Structure formats: C-alpha cells, structure tokens
Amino acid sequence: MTSSDASFGLYVHWPFCKAKCPYCDFNSHVRHQPVDALSFAQALARELEWFAGQTPGRIVTSVFFGGGTPSLMPPAAVGHVLDAIGGLWAVAGGAEVTLEANPTSVEAEHFRGYRAAGVNRLSIGVQALSDPDLKALGRQHTAAEALAAFRLAARVFPRVSFDMIYARPGQTVADWRAELSRALAEQQGHMSLYQLTIEPGTVFADLHAAGKLPVPADDRAADLYDVTQELTERAGLPAYEVSNHAASGHESRHNLLYWRYGDYAGVGPGAHSRLPDGPGRRALVAERHPETWRERVASRGNGIIFDEAIAPADQASEYLLMGLRVTEGIDLDRFAALAGRYIDSGKIAGLKSLGLIRRDGNRLSATPDGRKLLNAVIAELAI
C-alpha cells in the first residue's frame, strides 16, 4: 500500500469528557457548564470543508469519532458531521463509520440515534469487569452497566468492539484470565486489549512516582500479555495488531489505515493528519484547546497550527513504527522507496535468528516474541 492508494480516512475529535480519567493523556477536557454541541459540530463541518479542498477526488473509506468521549455528542451533532462529509466527498459503499462510546446508561440511550445518523461500528470502553478497578480507573460506570450497554450496542450495530485495559494495579494472572474469559463470552468479533501504561503528566504518573500506585513488574506484565494471546486465539480472535484482536473480517478498517501508513484528515481540537503533498507527505496538527480551536475555525476555516512536509527518512521511520505493529508487517520495497535505502540485510538476519522477525518475500513482520520487544526491534531496524 502506498500513500496514493484509494483508502482515505477521516478522524473526528470530540474533546469533552464527564471526568478526566487518571491514566489518560489524550486531548480531553471537562466542562462544568453544558457544551454547545451544535456550535462545535458546525465548526467540525467547516474544518471538514477546508480539508476537502486539500484532498480533491479522494473517496472516504472510513470515519472514526474519537475523543474525549464522542458518545457525549447528541446524535443530531453526529448526523450533522456525517451529512457534511457526504456533501464534501464521495463515500465508498460500505464505508466503516466508528464511534467510541462509554457504557453509561445516559450515553447508551443515544445508540439508536447514532445508528440512524450513519454510524455502523461502536467501540465500547468497558475497560474492566471489576467495580473496584473501574472506580480506581476513574470510570463513571459499573461492570453491570458496561455489559448492559455492550449488549444493547450489539443489537443495534452490525459491528462492535469490546475494549479493556489490563496490567492494572494489583491485577494477578488468575484475575485477568477469569476477567478476559468473561469478556470473551460477550465479544462480537473484535476486542481492543491495552496494557496500562503510565503516561507522563497524568494523575497515575504522579501516584506512581510517589510510590502509591504499584503496577505489575515486567515479568508479570509479560505473563498477562501471554494469557491475552492464549485466550483470544483460542476464542478465534487472534491478534492482528499488538493490542487488537479480531475474527476474520472484523478488523478495524480505519485503524488499519493508520498502521498501513495511509492518508487521513483529522478534524477537531488537537487532531493530527497525514496528507499527500505531491510525491511526499504533510503532517498537520490542530490547536488543542477546544474553544480556541473553534475560534480559529470561525476566523480562518481551520484550526491548524502546524503544517509541515515530512522528510522521506521520517516517513520511512513512521511507516516502520506503525507497520510492524500489525501482524502483516511492512513491505520492504515501500520502506526503501521512502528511505532511499533498504533495511540492512545483516540486521534482518540477526533479528530473524533470534526469532523476533520473519520475512516472506518482500514482507517483513514481527513474530509473537518480537511483538513483546517491538520497540527494541524497531530501534535496531531503523538504524
């Protein structure tokens, strides 16, 4: 796949949350007064119009509403954005339209409205099936509410994802085995299973630095990862990416576009984009603060504060970083076209002898053991 291929995605960022989760470093904001959802939806539509001018002739193959908490958007606001997209681009038949949702009862009431607006895939942030752990994660729902919301989503949407966090403070392998088994009994073809990471600038980072948040040691985290692979494979949901598991045909097509280093436009506060620029590529980033972003859109038509060409070597690095996350790996010829050189054959041979990568013709991919050490593998190949 090259950046000139037909796949083209749109990412729509809704930055608002009811509360800031202590582990989250995303661009999310809490407002103690009601958010003027219509004005933000109108600003999203206006910024989409600017991006349409940058991407003539493209066909939208996927749309992803992320956040923040997109399920706080009124269905009418989601419909306004999707109507704008349909009026600005040709949209592929069967295009994937995903919305991330929190499983609180209020947001679950919106599900049928989202489906009527054109959303056809929901990603449900269950995160845990333990009420004490949900509370520790700062979540606003119980395990029972999460399961009820997921079951409703499965009745309303043709495709749903069951999303969880593991390697939580105090979590044992036996705990995770039981919890994941329970989740696998509910899943509908796709699971996103993320190891908890302590991100700088979060409440969890402060607690961890103060010794008040014990997280599993590396060997325990590796055991939890192994259990994840074992149980998902047994259930027919093998990993197609480091943290994502799916039955055949249920993979997230929008996220695959990112990992395959395809083109996408991101609208909304803090959104990133990767767009073609002649034979090269541009990186764009929008203003992070929601109200400031909205003002910039009103005055300029977009909220972009960074727009620069990506050097070929940096494109190659991004492709390597993203592509080796996916089980299918990368195309060595495409890497060479971006980097102006092939990956050193000696490095490939060395990593292959360690059982960390495999080569099949022009494709290079990380093995299951290699995905456990992916940062080290990528660092070795990138030199």
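Residues numbered from 1 in each chain as written. Predicted model: local features only at pLDDT ≥ 70, side-chain atom pairs only at ≥ 80, totals over all residues. Heavy atoms only, no water.

Visitor: Is there a simple way to think about the pattern of salt bridges in this case?
Guide: Once their charged atoms are close, side chains differing in charge can pair, the charge on each being opposite to the other. Here the structure, examined in full by the defined rule, presents 16 salt bridges. Of the charged contacts in the structure, one is a salt bridge between Asp133 and Arg168, with a shortest N-O distance of 2.9 Å. Of the two residues, Asp133 is situated in helix 5 (residues 131-136) and Arg168 in the loop between strand 7 (159-166) and helix 7 (173-184); the sequence distance between them amounts to 35 residues. Arg234 is paired through a salt bridge with Glu230; the nearest N and O atoms lie 2.6 Å apart. Linking Arg234 with Glu230, this pair stays in helix 9 (residues 218-234), spanning four residues, or about one helical turn. Residue Arg234 is classed as exposed on the basis of its relative accessible area, which comes to 60%. Each of the salt bridges in this network shares a partner with another, and the network as a whole consists of Arg58, Asp263 and Arg281. (Salt bridge = Lys/Arg side-chain N within 4 Å of Asp/Glu carboxyl O. Helix = DSSP H or I, 4+ residues; strand = E, 2+ residues; numbered from the N terminus. Buried < 20%, exposed > 50% of the residue type's maximum accessible area, 1.4 Å probe, protein only.)

Visitor: What should I look at first to understand the packing of aromatic side chains in this one?
Guide: Each aromatic ring pair is summarised here by two numbers: the centre-to-centre distance and the angle between the ring planes. One pass over the structure, following the stated rule, counts 13 aromatic pairs. Ring geometry for Trp14 versus Phe16: centroids 5.6 Å apart, planes at 75°, classification edge-to-face. For the pair Trp14 and Phe16, a shared accessibility class is recorded, and that class is buried. These aromatic residues form a ring-pair network of at least three members: Trp14, Phe16, Phe40 and Trp293. Over the face of the ring belonging to Tyr261 we find Arg281, whose NZ or CZ atom lies 3.9 Å from the ring centre. A cation over an aromatic ring shows up here: Arg334 above the ring of Tyr319, its NZ or CZ 4.5 Å from the ring centre. (Phe/Tyr/Trp six-rings, centres within 6.5 Å; stacked < 30°, edge-to-face > 60°. Lys NZ or Arg CZ within 6 Å of the ring centre and 35° of its normal.)

Visitor: Explain the nonpolar core to me, please; I cannot follow it from the model alone.
Guide: Note on soluble globular proteins: their nonpolar side chains tend to be buried together. In this structure, Phe65, Phe111 and Leu122 are the most contacted members of the largest nonpolar core, which totals 79 residues. Element by element, the count of residues in this core is highest for helix 1 (residues 37-54), at nine residues. In this structure, Phe65 is in contact with Val12, Pro70, Met73, Val78, Val81, Leu82, Val97, Thr98, Leu99 and Glu100, ignoring residues within four places of it in sequence. Counting 23 residues, the second-largest nonpolar core is a separate cluster that includes Leu332, Ile348, Ile357 and Ala366. (Core = buried A, V, L, I, M, F, W, Y, C linked by side-chain atoms within 4.5 Å. Contact = heavy atoms within 4.5 Å.)

Visitor: How should I be thinking about the sheet that holds strand 15 (residues 330-331) in this particular structure?
Guide: Strand pairing in a sheet relies on backbone hydrogen bonds. The paired strands run either parallel or antiparallel. Reading across from one edge, 15-17-16 is the order of the three strands in this open sheet, with antiparallel pairing throughout. The open sheet has two edge strands with one neighbour each: strand 15 and strand 16 (357-360). Of the strand pairs in this sheet, strand 15 and strand 17 (residues 363-366) are connected by two bridges, and their pairing is antiparallel. What sits directly across from Ile330, in strand 17, is Leu364. (Pairing = 2+ DSSP bridges.)

Visitor: Looking at this structure, I do not really get the pairing of strand 17. What am I missing?
Guide: Looking along a regular strand, one sees the side chains alternate between the two faces of the sheet. Bridge count between strand 16 and strand 17: four bridges; the pairing is antiparallel. Each bridged residue has a counterpart across the sheet, and for Arg358 the counterpart in strand 17 is Ser365. The antiparallel pairing of strand 16 with strand 17 creates a hairpin that spans two residues between the two strands, and Gly361 there sits at a positive phi of about 65°.

Visitor: In this structure, what is going on with the pairing of strand 8 (residues 190-195)? I would like to understand it.
Guide: As defined by bridge partners, strand 7 adjoins strand 8 across five bridges and the pair is classed as parallel. Bridging from a neighbouring strand, Asp163 pairs with Ser192 of strand 8. A crossover connection joins strand 7 to the parallel strand 8 through helix 7; in handedness this β-α-β unit is right-handed. The pairing of strand 8 with strand 10 (residues 244-246) spans three bridges and is classified as antiparallel. Paired with Met191 across the bridge in strand 10 is His245. (Right-handed = clockwise from strand over helix to strand, strands pointing away.)

Visitor: In this structure, what is going on with unusual backbone geometry? I would like to understand it.
Guide: A cis amide bond, omega 20°, links Gly67 with the succeeding residue Gly68. One can find Gly68 in the loop between strand 4 (59-67) and helix 2 (75-88). Even without a glycine there, the phi angle at Ala167 is positive, about 60°. When you line up the elements, Ala167 lands in the loop between strand 7 and helix 7.

Visitor: Which parts of the structure should I look at to understand helix 9?
Guide: An α-helical segment advances 3.6 residues per turn. Residues three or four places apart therefore align on the same side. Taking 1.5 Å per residue, 17 residues should reach 24 Å; helix 9 reaches 24 Å between its end C-alpha atoms and fits that length. Here helix 9 has its buried residues at Ala221, Leu224, Tyr225, Val227, Thr228, Gln229, Leu231 and Thr232. Looking at the buried positions of helix 9, the neighbouring elements they touch are strand 7, helix 7, strand 8, strand 9 (239-241), strand 10 and helix 15 (368-372). Two residues or fewer after helix 9 comes Gly236, characterised by a positive phi angle close to 85°. (Expected span 1.5 Å × (residues − 1).)

Honestly, that's just the spatial picture; any functional story needs more than this.
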